[in-house]
Protein chains: 2
Amino acid sequence: MALIVQKYGGTSVGSPERIKNVARRVAKARAQGHDVVVVVSAMSGETNRLVALAHEMQEFPDPRELDVILATGEQVTIGLLSMALKDIGLPAKSYTGWQVALTTDSAHTKARIDHINDAKMRDDLAQGRVVVVAGFQGVDRQGDITTLGRGGSDTSAVALAAALQADECQIYTDVDGVYTTDPRVVPEARRLDTITFEEMLELASLGSKVLQIRSVEFAGKYKVRLRVLSSLTDGGDGTLITFEEDNNMEQAAVSGIAFDKNQARINVRGVPDKPGIAYQILGAVANANIEVDMIIQNVGAEGTTDFSFTVPRGDYQHTLKLLQEVQKNIGAASVDGDDTVCKVSIVGLGMRSHVGVASTMFRTLAEEGINIQMISTSEIKVSVLIDEKYLELATRILHKAFELDKA
Amino acid sequence: MALIVQKYGGTSVGSPERIKNVARRVAKARAQGHDVVVVVSAMSGETNRLVALAHEMQEFPDPRELDVILATGEQVTIGLLSMALKDIGLPAKSYTGWQVALTTDSAHTKARIDHINDAKMRDDLAQGRVVVVAGFQGVDRQGDITTLGRGGSDTSAVALAAALQADECQIYTDVDGVYTTDPRVVPEARRLDTITFEEMLELASLGSKVLQIRSVEFAGKYKVRLRVLSSLTDGGDGTLITFEEDNNMEQAAVSGIAFDKNQARINVRGVPDKPGIAYQILGAVANANIEVDMIIQNVGAEGTTDFSFTVPRGDYQHTLKLLQEVQKNIGAASVDGDDTVCKVSIVGLGMRSHVGVASTMFRTLAEEGINIQMISTSEIKVSVLIDEKYLELATRILHKAFELDKA
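Residues numbered from 1 in each chain as written. Chains lettered and ligands numbered in written order. Predicted model: local features only at pLDDT ≥ 70, side-chain atom pairs only at ≥ 80, totals over all residues. Heavy atoms only, no water.

As a further point, take the UniProt feature "binding site: ATP" (unreviewed entry) in chain A. Residue and element names in this part refer to chain A. Sites flagged by UniProt as "binding site: ATP" (unreviewed entry) map to Lys 7, Tyr 8, Gly 9, Gly 10, Thr 173, Asp 174, Tyr 179, Arg 184, Lys 209 and Val 210. When residues no more than four places from it in sequence are discounted, the contact partners of Tyr 8 are Val 13, Val 22, Arg 25, Val 26, Val 38, Val 39, Val 40, Ser 41, Tyr 172 and Ser 231. Of the polar contacts made by the side chain of Tyr 8, one reaches the side chain of Gln 6; its length is 2.8 Å. By the secondary structure assignment, Val 210 is in the loop between helix H7 (197–205) and helix H8 (213–221). Excluding residues that lie within four positions of it along the chain, Val 210 makes contacts with Asp 154, Thr 173, Val 175, Gly 177, Val 178 and Val 228. (UniProt positions renumbered as here; feature names shortened; annotations may be inferred. Contact = heavy atoms within 4.5 Å. Polar contact = N/O pair within 3.5 Å; in protein donor to acceptor, adjacent residues only side chain to side chain. Helix = DSSP H or I, 4+ residues; strand = E, 2+ residues; numbered from the N terminus.)

Here you go:
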């Protein structure tokens, strides 16, 4: 008898029939004696439909009002799933974000969770009910509806698991686990039975799309046991995310290749090389709530500096505009950019003890004539920014070079 | 400079273009110096779509969860309208039912309003904002989402106007006022410039569909100045609902003909004629939250009574089932019914001072061979229940008999 938080994404609840399937899967866990809290996304397509409606009203939809609209997607799903559960004899009760209450800051469309009140949920569980919670949404201190950003339902699920001290948080997706890379790009990609939290964090942040990064951070911070499973097939234990390094002496150097097309490069050239310049450039970007990823600074000509960084592609135009204003203040020569780039990364705990991993990566890319525009490294990953037309090729040759197709 | 509550129904907000039209109409009122609170329904078709989804989950959808789902319809509209207002430079802020807060009892799918907190709205108005409120929905004391029943947005609007002591509550619909009867049935029908509250109440409750009955009751109770206007055409002052009798000496006997197809007749025959029987029959129906309209009781054979009444057609099967259980307890001979009936009514304050209005009605119907099944009367109306196949014929001949086509 355990307490399990299950999260089902948009595809898993994409039709009335699929919602009934989710109800049957929940019933199975109940039959095994577990308490279950279910977190659901909007039915697939619904969020896009709502965003399109909003864009018919305003070129840049008001963020507060956009959240009011977007939050309805999950609200419909919790009602439908609760009905489906009741229809097969399982007592159930739905909660929107504000009903839980899951309170957040006021950063509309990308809010962060402050606090979760678990009183109502515990009461329902004690009374034998399945608790169904709308993912992706919360409420701020003013009582305004907020959303956590795309993929925020994963974060909701992990945060609820942490608040409830659940035994396991199961993320049901349309894949059956975490792979060495995207099988659509490299057919030889293998599913990993376990992956360490740190590797998963890098893989998620680098765009493997299986889990949203904030959910993995949350899981790590609150030591939530996290498992990725398929909602479309039966059987299989998916991939378990572990928090301790494998004791296996033969730890592979690299466990996966991640890639991310959601990248755009911004260049600020000919900046007078004075203290505080980086802050003046990146502060303006951070104030606009735009996430900066890779950053490099090079020495330029005659006491000036060239400064480059990457942002999500959707923020590209906005960032360029912002920096054209900053440009005058800091006396930079020019601001330009490129939104046809992508990031490819190799990730692995084993890198710590294996030398030469980065050089193997650079050599492999060079042999195919792929030019590296930026490099960033951490203890367990190496990322390169390249022209997006080489994305598939780079991923395939790196997967082979690090022998990820071999068990 | 006045405070106006405007309500727009589903057709008026049925597409992005129509929502923009509503925004322009609101802007016009703002340009005239008025403060404006806007109440909106779900986009036309949306509520039906959500109800259909719910019915795919459960034959009889759970009422609490149904309200969770239905409330999303208006929530989308308030977000979209607020965006449209901002897009043309009008500061605006949206509120769901729970955000206002509009508190109700817990009778899901047909809740009644308890209290409205006007603090946030007054604050916004003082800051020059247009306040956009989701109609049809509220929140109960447990924090559960409730809805007020079909047409409940009218009630929301009038209740908000009462709470804010607004100068006028304008109900925008797809008709441009209140007519002597439905122009689709009688092309000679005329629009009334004013109608008394009492007449409107009878016309609404009898199914003229222009305004929902509870909204008219509310308006009367709180003396809200209520006006019905067209959202589709420009110009015209619609029909003003007044609370004082016209001083006009030549008050017409009848001001309108209403009809209502949403009727089903239930007969409980051969009931032992003892005190408390009516309560035992109607109490069971009332407990199921089913509204009873016309009631007649006739003397039957050998100390028994025949008891007939009408209910909304959607509650017909449910009522029959309920009474089959009650039948044993009260020893009634049989329970049966008919759901192919309709109600036609003549309404007019002038009836008070004109004799012979009812007899003119009965004679007119008799001359066309239309059989009257039930009769009910009040001070200002006479209603008859007839076979629904005669609805159009009866309305036309009564409209002519009372000379409603003549100004």
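We are not done yet, so read on.
Let's shift gears to the sheet that holds strand S3 (residues 92–95) of chain A. Residues and elements named next belong to chain A. Ordered in space as S3-S6-S2-S1-S9-S13-S14-S12, the 8 strands form an open sheet in which the pairing is mixed. Among the strands making up the open sheet, the edge pair consists of S3 and strand S12 (194–196). Within the sheet, the average angular offset between the axes of one strand and its neighbour, ignoring direction, is 20°. Relative to strand S14 (residues 239–242), S12 runs parallel, the two being bridged by 3 bridges. When the sheet's bridge partners are listed, Thr 194 is paired in S14 with Leu 240. (Pairing = 2+ DSSP bridges. Axes fitted to C-alpha atoms, helices over the stretch in contact; angles between N-to-C directions.)

Turning to the interface of chain B and chain A, a few remarks are in order. At the interface, 43 residues of chain B touch 43 residues of chain A. Approximately 3500 Å² of surface area, both sides summed, lies buried where chain B meets chain A, with 64% of it carried by carbon and sulfur atoms. Counting the surface chain B buries against chain A, the share from its top three residues, Met57(B), Met83(B) and Trp98(B), is 21%. A salt bridge links Asp62(A) to Lys86(B), with the nearest nitrogen and oxygen atoms 3.1 Å apart. Across the contact surface, chain B and chain A share 12 residue pairs in polar contact (both at pLDDT 80 or more). Of all the secondary-structure elements, those providing two or more residues to the side of chain B that touches chain A are helix H1 (16–31), helix H2 (46–57), helix H3 (63–87), strand S3 (92–95) and helix H4 (97–100) of chain B. Here the side of chain B that touches chain A takes 17 residues from H3(B), the largest share from any one element. For the side of chain B that touches chain A, the residue count by class is 21 nonpolar, 10 polar and 12 charged. (Buried area = accessible area lost by both parts, 1.4 Å probe. Salt bridge = Lys/Arg side-chain N within 4 Å of Asp/Glu carboxyl O. Nonpolar A, V, L, I, M, F, W, Y, C, P; charged D, E, K, R; others polar.)

It is worth spelling out the environment of Val186(A) at this point. Residues and elements named next belong to chain A. Inspection of the secondary structure assignment puts Val 186 in the loop between strand S10 (178–179) and strand S11 (191–192). Classification of Val 186 as buried rests on a relative accessible area of 2%. With 210 residues separating them in the primary sequence, Val 186 and Arg 396 have C-alpha atoms 5.8 Å apart. Residues contacting Val 186, with those up to four places away along its chain left out, are Thr 181, Thr 395, Arg 396 and His 399. (Buried < 20%, exposed > 50% of the residue type's maximum accessible area, 1.4 Å probe, protein only.)

For the rest of this paragraph, the subject is the side chain of Thr104(B). Residues and elements named next belong to chain B. Along the polypeptide, Thr 104 turns up in strand S4 (residues 102–104). Of the residues examined, Thr 104 reaches a relative accessible area of 1% and is grouped as buried. A polar contact is formed between the side chain of Thr 104 and the side chain of Thr 146, at a distance of 2.7 Å.

Residue and element names in this part refer to chain B. Spatial ordering of the open sheet is given by S16-S17-S15-S18-S20-S19, a layout of 6 strands whose pairing is antiparallel. The outermost strands of the open sheet, each flanked by one partner alone, are strand S16 (295–299) and strand S19 (374–378). Adjacent strand axes in the sheet meet at a mean angle of 30° when their direction is disregarded. One ladder, built from 5 bridges, connects S16 with strand S17 (residues 304–311); its direction is antiparallel. Considered in S17, the bridge of Gln 297 is made with Phe 307. Relative to S17, helix H9 (residues 277–287) is tilted by about 25°, and along the sheet it contacts strand S15 (256–272), S16 and S17. Packed onto the sheet, helix H12 (residues 391–401) meets S15, strand S18 (334–347) and strand S20 (381–387) and runs at close to 120° relative to S15.

Residues and elements named next belong to chain A. All chains considered together, the criterion is met by 44 salt bridges over all chains. The residue Asp 144 makes a salt bridge to Arg 64 at a minimum N-O spacing of 2.9 Å. Pair noted here: Asp 144 is in the loop between strand S7 (137–139) and strand S8 (145–147) and Arg 64 is in helix H3 (residues 63–87), with a separation of 80 residues, a long-range link. Accessibility expressed as a relative area gives 10% for Asp 144, which makes it buried. The partner of Asp 293 in a salt bridge is Lys 343, with the nearest N and O atoms 2.3 Å apart.

With that out of the way, let us pick up the UniProt feature "binding site: substrate" (unreviewed entry) in chain A. All names here are of chain A. The feature "binding site: substrate" (unreviewed entry), as annotated in UniProt, sits at Thr 47 and Glu 74 in this numbering. Sequence-wise these annotated residues cover 28 residues; spatially they are packed, their C-alpha atoms never more than 9.0 Å apart. Assignment of secondary structure puts Thr 47 in helix H2 (residues 46–57). What Thr 47 contacts, discounting residues up to four positions off in sequence, is Ala 42, Leu 70 and Arg 150. Its location among the elements puts Glu 74 in helix H3. Residue class for Glu 74 comes out buried when judged on its relative accessible area of 3%. Apart from the residues lying within four places of it in its own chain, the contact partners of Glu 74 are Val 40, Ser 41, Ala 42, Ala 134, Gly 135, Phe 136 and Gln 137.

The next thing to look at is the pairing of S15(B). Residues and elements named next belong to chain B. Burial of S15 is extensive: 13 of the 17 residues sit out of reach of the surface. Summarising the sheet, S15 and S18 pair through 11 bridges and their orientation is antiparallel. The partner of Gln 263 across the bridge, within S18, is Val 341. Where S15 lies against S17, 7 bridges are found, and the strand directions are antiparallel. Paired with Pro 272 across the two strands is Thr 304, which belongs to S17.

Residues and elements named next belong to chain B. Running from N to C, H2 and H3 cross one another at 155°; their axes reach a closest spacing of 9 Å. By the angle between their axes, H2 is roughly antiparallel relative to H3. The interaxial crossing formed by H2 with H3 has right-handed handedness. For the pair H2 and H3, the contacting residues are Glu 46, Thr 47, Leu 50, Val 51 and Ala 54 in the first and Leu 66, Ile 69, Leu 70, Thr 72, Gly 73 and Glu 74 in the second. When its residues are assigned to classes, the contact of H2 with H3 shows 6 nonpolar, 3 polar and 2 charged. (Parallel < 35°, antiparallel > 145°, perpendicular 65-115°, else oblique. Left-handed = near helix turned anticlockwise from the far one by under 90°.)

Moving on to helix H11 (residues 357–367) of chain B. Residues and elements named next belong to chain B. Every buried residue of H11 is listed here: Val 357, Thr 360, Met 361, Thr 364 and Leu 365. Down the axis, H11 shows its buried residues gathered within 125° of arc, on one side only. For H11, the exposed residues set more than 90 degrees away from the buried face come down to Ala 366 and Glu 367. Here the buried face of H11 lies against S18, S20 and H12. (Arc of directions from axis to C-beta.)

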